[in-house]
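A structural walkthrough
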Amino acid sequence: MSTVAFGGKITDILLRRGCIEETVLMEAEAAAKEAGERLETYLVENDHVAGDIMALTLAEYLNMQPITLSNYTPEPTLMGLIPKESLKKHRVVPITRVGQHLTIALGDPFDIIALDELQSVTGLDITPLVAPEAEIKGALDLIFAEASQDLDMETLMRDEGDIQLDSESDSDEEQSLDDMLDSAEGAPVIRMVNM
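Notes on the structure follow. Note that the coordinates shown come from a computational prediction; the quantities given were computed from them, not determined experimentally. (Residues numbered from 1 in each chain as written. Predicted model: local features only at pLDDT ≥ 70, side-chain atom pairs only at ≥ 80, totals over all residues. Heavy atoms only, no water.)

1. A look at the pairing of strand β3 (residues 125-130)
To keep it simple, the criterion reads: Two strands qualify as a pair provided that DSSP identifies no fewer than 2 bridges between them. Only DSSP runs of H or I reaching four residues or more are called helices, and only runs of E reaching two or more are called strands; each is numbered from the N terminus. Seen with the strands pointing away from the viewer, any crossover whose path from the first strand over the helix to the second strand runs clockwise is right-handed.
Relative to β3, strand β2 (residues 101-106) runs parallel, the two sharing 6 bridges. Residue pairing in the sheet places Leu-102 in a bridge with Ile-126 of β3. In this region the chain leaves β2, passes through helix α7 (residues 112-122) and returns to the parallel neighbour β3; the handedness of that crossover is right-handed.

Put into structure tokens, the structure is as follows:
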């Protein structure tokens, strides 16, 4: 979609709220057009407008609800509804599901293809909320970091060598405490706690 189709009203909202000076906005419009970028993206990437302010502006322009993800904790059952590739590709985060309705946060509310694809993949009605792109990225980083950590935990817990304490030994020598601690370091539970 072109910047011109949406630029006028979005710029009016930014100016009305006092988020940017008119001269800076006019320069940014020219630079965004020259770079072939959408004005909204250009303004945030070049620190003319904060990401959360832009999210509120887009929410007002599109008559959508805004959301902040600063205290968001991903729910595993929701994460399983959308393939990781789709989450990354469209930069969306599932927020909640009620019956056949899935609410998602997305940074680009103009990405209609994402909404169609998510509806097709999940078989649910999608309700989009606008969130700052940086918060979407942070939430996705958290989701994928936790998934990676869960995988590491599974690897650690694999039975690779249990500790055995022999009460009967061929020799009458007693095993020292240090020797037992050294051999315990390889136990899955110890590796998990150390991690």
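Let's pick the thread back up.
2. Regarding the pattern of salt bridges
The condition that has to hold: Any Lys or Arg side-chain nitrogen located within 4 Å of an Asp or Glu carboxyl oxygen qualifies as a salt bridge. Note on exposure labels: buried denotes an accessible area under 20% of the residue type's maximum, exposed denotes more than 50%, and partly exposed covers the range between, all computed with a 1.4 Å probe on protein chains only.
Within this structure, the stated rule accounts for 7 salt bridges. One salt bridge connects Arg-38 with Glu-40, and the closest N-O pair in it is separated by 2.9 Å. Residue classification places Glu-40 among the buried residues on the basis of a relative accessible area of 4%. Its salt-bridge partner being Arg-38, residue Asp-108 comes within 3.2 Å of it at the nearest N-O pair. Here the residue Asp-108 occupies a position in the loop between β2 and α7, and Arg-38 occupies one in the loop between α2 (22-35) and α3 (39-45), the gap between them amounting to 70 residues. Overall, the relative accessible area of 16% leaves Asp-108 in the buried class. Each member of the salt-bridge network shares a partner with another, and the members are Arg-16, Arg-17 and Glu-60.

3. Considering helix α4 (residues 51-62)
Within an α-helix, residues lying three or four positions from one another point in the same direction, as the helix has 3.6 residues per turn. Selection criterion: Expected span of a helix, by definition, is 1.5 Å for each gap between consecutive residues, and there is one gap fewer than residues.
Between its terminal C-alpha atoms α4 stretches 16 Å, which fits the 16 Å expected from 12 residues at 1.5 Å a residue. Where α4 is concerned, the buried positions are Met-54, Ala-55, Thr-57, Leu-58, Ala-59 and Tyr-61. Of the residues trailing α4, Asn-63 is marked for its positive phi of about 55 degrees.

4. Digging into the side chain of Thr-122
Filter applied, for reference: Think of a polar contact as two N or O atoms within 3.5 Å of one another; within protein, one of them needs to be a possible hydrogen donor and the other a possible acceptor, and neighboring residues in sequence only count if both atoms come from side chains. It only takes one pair of heavy atoms within 4.5 Å for two residues to be counted as in contact.
Here Thr-122 lies in helix α7. Of the polar contacts made by the side chain of Thr-122, one reaches the backbone oxygen of Leu-118; its length is 2.7 Å. Side-chain polar atoms of Thr-122 contact the backbone nitrogen of Leu-124, separated by 3.2 Å. Residues contacting Thr-122, with those up to four places away along its chain left out, are Leu-81, Ile-82 and Leu-102.

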